[in-house]
Amino acid sequence: QDLMTMTVGQPVPAYFANSKGEGIARRKYLSVLGLRNMSIHGHEIFSELSWNLFSSNPKAYSDGTGVVKMKLLTGNVVDLDTVVLNCGTQLKEINEIRRKEKKAPFADAQSFFSSEDATSMARHQSEALIQTFINDLRLDKKAIKGRKLDLDVNTPLPIASNNDQRGMWPVWGYANVGVFSYHANVPHMPDVIGALIRAPFQLARAFIMCLTQSGVYNPGATDLNLNCLPELRKLLITFFDEAVNDSCFNAKWKQIEAFVEKMHSVDSIDTIISNLQASNQAIFSKELFDNDDEKRTNELQAMVKLVSGTGIKGRDMKTQQIRLICKQDLENWILRTN
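These numbers come from a predicted model, not from an experiment. (Residues numbered from 1 in each chain as written. Predicted model: local features only at pLDDT ≥ 70, side-chain atom pairs only at ≥ 80, totals over all residues. Heavy atoms only, no water.)

Draft legend 1. Highlighting helix 10 (residues 269-278). Ile269, Ile273, Leu276 and Gln277 are the residues of helix 10 that are buried. Buried residues in helix 10, looked at end-on, bunch into an arc of 95°, giving them a common side. On its buried face, helix 10 sits against helix 11 (286-290), helix 12 (297-307), strand 5 (313-316), strand 6 (321-324) and helix 13 (327-336). (Buried < 20%, exposed > 50% of the residue type's maximum accessible area, 1.4 Å probe, protein only. Helix = DSSP H or I, 4+ residues; strand = E, 2+ residues; numbered from the N terminus. Arc of directions from axis to C-beta. Contact = heavy atoms within 4.5 Å.)

Draft legend 2. Region of interest: the nonpolar core. Among the nonpolar cores identified, the biggest contains 59 residues, and Leu49, Val78, Tyr182 and Leu196 are the most heavily contacted of them. Broken down by element, this core gets its largest block of residues, 11 residues, from helix 7 (residues 189-214). For Tyr182, the contacting residues outside a window of four places in its chain are Thr82, Val83, Val84, Leu85, Cys87, Phe113, Ala118, Thr119, Ala122, Leu157, Trp172 and Gly173. Formed by 13 residues, the second largest nonpolar core is a distinct cluster that contains Leu276, Leu300, Trp333 and Ile334. (Core = buried A, V, L, I, M, F, W, Y, C linked by side-chain atoms within 4.5 Å.)

Draft legend 3. Fine view of the packing of aromatic side chains. Scanning the model with the defined rule gives eight aromatic pairs in all. Look at Trp169 and Trp172: their rings are 6.4 Å apart centre to centre, the planes differ by 55°, and that puts the pair in the tilted class. According to the relative accessible area criterion, Trp169 is partly exposed, its value standing at 22%. Site record: aromatic cluster; members linked through ring pairs are Phe207, Phe239, Phe240 and Phe259. Sitting over the face of the ring of Phe106, Arg98 holds its NZ or CZ atom 4.3 Å from the ring centroid. A cation sits over an aromatic face here: Lys252 above Phe249, 5.1 Å from the ring centre. (Phe/Tyr/Trp six-rings, centres within 6.5 Å; stacked < 30°, edge-to-face > 60°. Lys NZ or Arg CZ within 6 Å of the ring centre and 35° of its normal.)

Draft legend 4. Examining the pattern of salt bridges more closely. Under the counting rule described, the total for this entry stands at 15 salt bridges. Two residues, Glu48 and Lys69, come together in a salt bridge whose shortest N-O distance is 2.6 Å. One end of the pair, Glu48, is in helix 1 (residues 24-51); the other, Lys69, is in helix 2 (residues 66-74), and 21 residues separate them in sequence. Of the two residues, Glu48 and Lys69, neither departs from the other in class, the shared state being buried. Between Arg99 and Glu96 there is a salt bridge whose closest N-O contact spans 3.4 Å. Residue Arg99 and its partner Glu96 are located together in helix 3 (residues 91-100), separated by three residues, close to a single helical turn. Since its relative accessible area comes to 40%, Glu96 is described here as partly exposed. Look at the salt bridges and you will find they share partners, linking Glu44, Glu48 and Lys69 into a network. (Salt bridge = Lys/Arg side-chain N within 4 Å of Asp/Glu carboxyl O.)

Draft legend 5. Broad picture of the sheet that holds strand 1 (residues 82-86). The four strands are arranged 1-4-3-2 in an open sheet whose pairing can be described as mixed. The sheet is open, and its two edges are formed by strand 1 and strand 2 (159-160), each paired on a single side. Summarising the sheet, strand 2 and strand 3 (residues 171-176) pair through two bridges and their orientation is parallel. Opposite Ala160, over in strand 3, you have Tyr174 as the bridge partner. In this fold helix 5 (residues 116-137) packs onto strand 1, strand 3 and strand 4 (179-184), with an angle of close to 155° to the strand it touches most, strand 1. (Pairing = 2+ DSSP bridges. Axes fitted to C-alpha atoms, helices over the stretch in contact; angles between N-to-C directions.)

Draft legend 6. Examining the side chain of Arg166 more closely. For Arg166, the location among the structural elements is in the loop between strand 2 and strand 3. Polar contacts involving the side chain of Arg166 include one to the side chain of Asp79, which spans 3.1 Å. A distance of 3.1 Å separates polar atoms of two side chains, one belonging to Arg166 and the other to Asp81. (Polar contact = N/O pair within 3.5 Å; in protein donor to acceptor, adjacent residues only side chain to side chain.)

Draft legend 7. The arrangement of the packing of helix 7 against helix 9 (residues 249-266) in detail. Where helix 7 contacts helix 9, the two axes come as close as 8 Å, and the packing angle between them is 35°. Regarding helix 7 and helix 9, the two cross each other, and that crossing is left-handed. Broken down by class, the residue content of the contact of helix 7 with helix 9 amounts to 14 nonpolar, five polar and four charged. (Left-handed = near helix turned anticlockwise from the far one by under 90°. Nonpolar A, V, L, I, M, F, W, Y, C, P; charged D, E, K, R; others polar.)

Draft legend 8. Layout of a nonpolar patch on the surface. Together, Phe207, Ile208, Tyr217, Leu224, Leu226 and Leu229 give the surface a local cluster of nonpolar side chains, amounting to about 540 Å² of exposed area. Structurally, the position occupied by Leu224 is in the loop between helix 7 and helix 8 (229-243). Assessed through its relative accessible area of 53%, Leu224 is described here as exposed. (Patch = residues over 30% accessible without salt bridge, like charges linked within 9 Å, V, L, I, M, F, W, Y side chains within 5 Å. Areas by Shrake-Rupley, 256 points an atom, 1.4 Å probe, with all protein chains shown as cover.)

Draft legend 9. How the structure looks around the packing of helix 8 against helix 9. The interhelical angle for the contact between helix 8 and helix 9, taken along N-to-C directions, is 145°, at an axis separation of 9 Å. For the pair helix 8 and helix 9, the contacting residues are Leu235, Thr238, Phe239, Asp241, Glu242 and Ala243 in the first and Gln255, Ile256, Phe259, Lys262 and Met263 in the second. Its residues assigned to classes, the contact of helix 8 with helix 9 shows six nonpolar, two polar and three charged.

Below is the structure:
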């Protein structure tokens, strides 16, 4: 209840994903409050980050701007470096490759992290990312050095043990509490734009999609359809489970983006047709398919008969408009699923 009285622009308490000290529901509520603040301050923070060439070093924002302001207003931050190698999640894949090459597998993530293979892979992955960033921002030699992007292939990669050491080197390893990873000192800019600018509005869009797809809200109606509240309740449970993320803003953005894409496809014409066939197995029997031709003529005729005169609608994915499903849609679906 202490969070429900918070107003727009008010600082949001810091929180950490998967933390045992507070419940997931509270962390997700804090996440929504942070996104609400970003709808007002996202462009401003993005500009402040750009002044420092999107540095991930906290010391670059000692004046209280950028990630410092973001942390204050959202309780979390956007990652401004890129993980180029996660030794824990990629260990199995690497060991499979080594077995095929008749090499001994690494015993664990830490042994892989400490190997020359890992540092070589990290350097190789980082070089391309750093060069792309330099080219995109048109950085000169002085800016490259000041932004800590002057990668020296002959210098051993430094190892950080906490987040305060971010952004101090072109590439670095991170080893802490069982996490072993390598990072390039540049962000993935589409994620930064999504996290800081697009995420709050896409979350609002996702919420409105729940209202419309449940039937509670119809843009053409003057009143809410309260008979559809049970369906809305189901969608909102899914909304908070799948669209609201309690981790860094990069992950928040990706999860919101994925949820909106999923909601778009839920009421797509192809999905409606597939679900319609699946729910009418008595019509679309094994006998019908066994006696059909290569063009699936019997199946198409059965689909046309089932849909005709019912007023069944779906979302046209080209125009994003909801419209009646016609015979041409059924013919296209047959071709796409043939």
